[in-house]
Amino acid sequence: MDIPHPVILRHRTAQELHDEFVRIWGVKPTSVVMPVVAPDGLLFPCDQLPGIKMSEYGRPVELYKGFSESLEDFARLGCGIHLVLDPTMSFIRSDAMHITDIVGESAAQLCIGNGRVRDLVAAVLGTGVDIACDVVKSAKVKLEGVAIDAVDLWPMGAKDERITPTCFCDSCIKGLELMHPGLTTKFKDFPNPWNLVLKDSGTGISFISNIRPSMLVSEVVGLSRQRGFHVAFGQNAGDPVLTGHATNLLLYIEAKHEHTVRSLDDIFDQALQDVDKILGYRPKRIIIMEGTNYGWTSGLQLGRLDRPERHGEIRTPDEVWFDPTSSETITEHIDFRSYMWGRARYYIDAFFSLVAQSTDPRLRSTTGIAYLSEDDVRQSLYDRFSMAIGSAYDSTSLISLPDLKSEGAKSRRLGFVGVPLTRKIGDELIRSLNIQPGKNRKLTSRTEFPDLLEIIKQVQQMKRSRAEPGDD
Ligand SMILES: [Zn+2]
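Note that the structure is predicted; figures quoted are calculated from it, not measured.

Judged by pairing direction, the sheet is parallel, and its seven strands sit side by side in the order β1-β4-β7-β12-β17-β18-β19 without closing on themselves. Edge strands, defined here as strands with exactly one partner in the open sheet, are β1 (31-35) and β19 (413-417). Taking the axes of each pair of neighbouring strands and ignoring which way they run, one obtains an average angle of 25° across the sheet. When β1 meets strand β4 (residues 80-85), the two strands line up parallel, connected through five bridges.

All right, on to the environment of V103 then. Tracing the backbone shows V103 in the loop between β5 (98-100) and β6 (106-110). Taking C-alpha positions, V103 is 46 Å from D134, a pair spaced 31 residues apart along the chain.

This part covers the pairing of strand β17 (residues 319-322). Here β17 shows two buried faces, one formed by E319 and W321 and the other by V320 and F322. Note: strand β12 (residues 284-288) against β17, three bridges, orientation parallel. Bridge assignment links I288 to a residue of β17, and that residue is W321. In this structure, β17 lies alongside strand β18 (residues 335-339), joined through four bridges in parallel fashion. Of the residues in β18, the one forming a bridge with W321 is R337.

Before going further, it helps to examine the pairing of strand β9 (residues 162-165). Relative to β9, strand β8 (residues 156-159) is paired through four bridges, and the arrangement is antiparallel. Looking across to β9, one finds that K159 is bridged to R162. What sits between β8 and β9 in their antiparallel hairpin is a turn of two residues, with D160 showing a positive phi close to 50°.

What follows deals with unusual backbone geometry. Residue T166 is joined to C167 through a cis peptide bond whose omega torsion reads 15°. Along the polypeptide, C167 turns up in the loop between β9 and α5 (170-179). The linkage connecting F190 with the following residue, P191, adopts the cis geometry, with an omega of -10°. Its place among the elements puts P191 in the loop between α5 and β10 (198-200). Phi at D274 takes a positive value of approximately 65°, unusual for a residue other than glycine. As for its placement among the helices and strands, D274 is situated in the loop between α7 (239-271) and α8 (275-279). When the 8 C-beta atoms within 10 Å are taken as the criterion, D274 is described as exposed.

What counts and what doesn't
Residues numbered from 1 in each chain as written. Predicted model: local features only at pLDDT ≥ 70, side-chain atom pairs only at ≥ 80, totals over all residues. Pairing = 2+ DSSP bridges. Helix = DSSP H or I, 4+ residues; strand = E, 2+ residues; numbered from the N terminus. Axes fitted to C-alpha atoms, helices over the stretch in contact; angles between N-to-C directions. Buried ≥ 20, exposed ≤ 12 C-beta atoms within 10 Å, placed from the backbone.

Encoded structure:
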């Protein structure tokens, strides 16, 4: 049972959410999934990172008692514990740690390709793990796993047919170039290899995601022609040109995948250091992705994740959670759970990100909604919530899921992840939000946000204290 945001716990108790889950799905939840961070700040203080902004939703208020108290409540109901980290943390203001597109424009979201960012987000996750370890010590349940929400690690933009995937910060370019020297320069032109499979649709980006690791260059060209994306190349859309672009595209997808997996692996390694000794068992490492063969905004290719045991120096995740119906995706080597929501966490995260932008004074005045009136913001929240709730699956879709993993069965599916988020809860939640005034009114102080130097100093101190060689 995934509780994607603690604000839900202001409106329902653990017992009520447990019962809601049973009502929706017809079975009891065996585990609760709790976030360690909200889109507007931390949910608990992190000793190694003093001064980082706390979330408005971390404070005990109404029914919400606090992070560890909520874990205890669910543990008392017999729910094991999973923690989930969304490493994008747009509340941290630091251009040097933000994602950057190919032309050097940055966006307010942390880049996990940057070693300092990994140290920082791993410290947050590690603190959450420590708190959960304390909770499970005196409970009959386990800390079953730690998940990283990877559905939107690398958001994309588009303007006038120019597609701008991220990230091309110095750290990411270094990571990609190490694998294929000269590769990133192939994307500094227009049209470029992305135009084979990505297209500015005017209202968003159309994309081809059915790209498997075994795919041939000629198949990519064929798909591009079939979808009509090749017209971006105009008169140059002959086979030799498109084949050259498709070759570089497949190299990019491979390098992006490896770079992303290495980065996630490093976060898991740091956050779970020595936890097996404390607990006597190893909590699972889990990646949440959308469920397509290639996730453009996760940078991950499901088929490439699905490898036996350890691949080179990288540990494969123990589990992947994804939307079960978006393709014929089934894993052969690693376990998976079906995330019962269209595009997994994508629309849910988008809704809670708008909640943060609406209620956090700085985000309200620095993001796309700055000039919207309070009524318009509330309406946008209802619209985005409707979009999210419209992508939820109901219990009838459980029938179509692959078999559960068992002796003799080929399937590696362990179960499913459901979210007890209903329209009623959403309505109550939106009504209760304290929406901040827009940009045409007086802004609140910025002093509570640490500057870049302060954050870098903190992560460097952490790094020194770990006495481990840095990689970035
Ligand atoms: Zn980057």
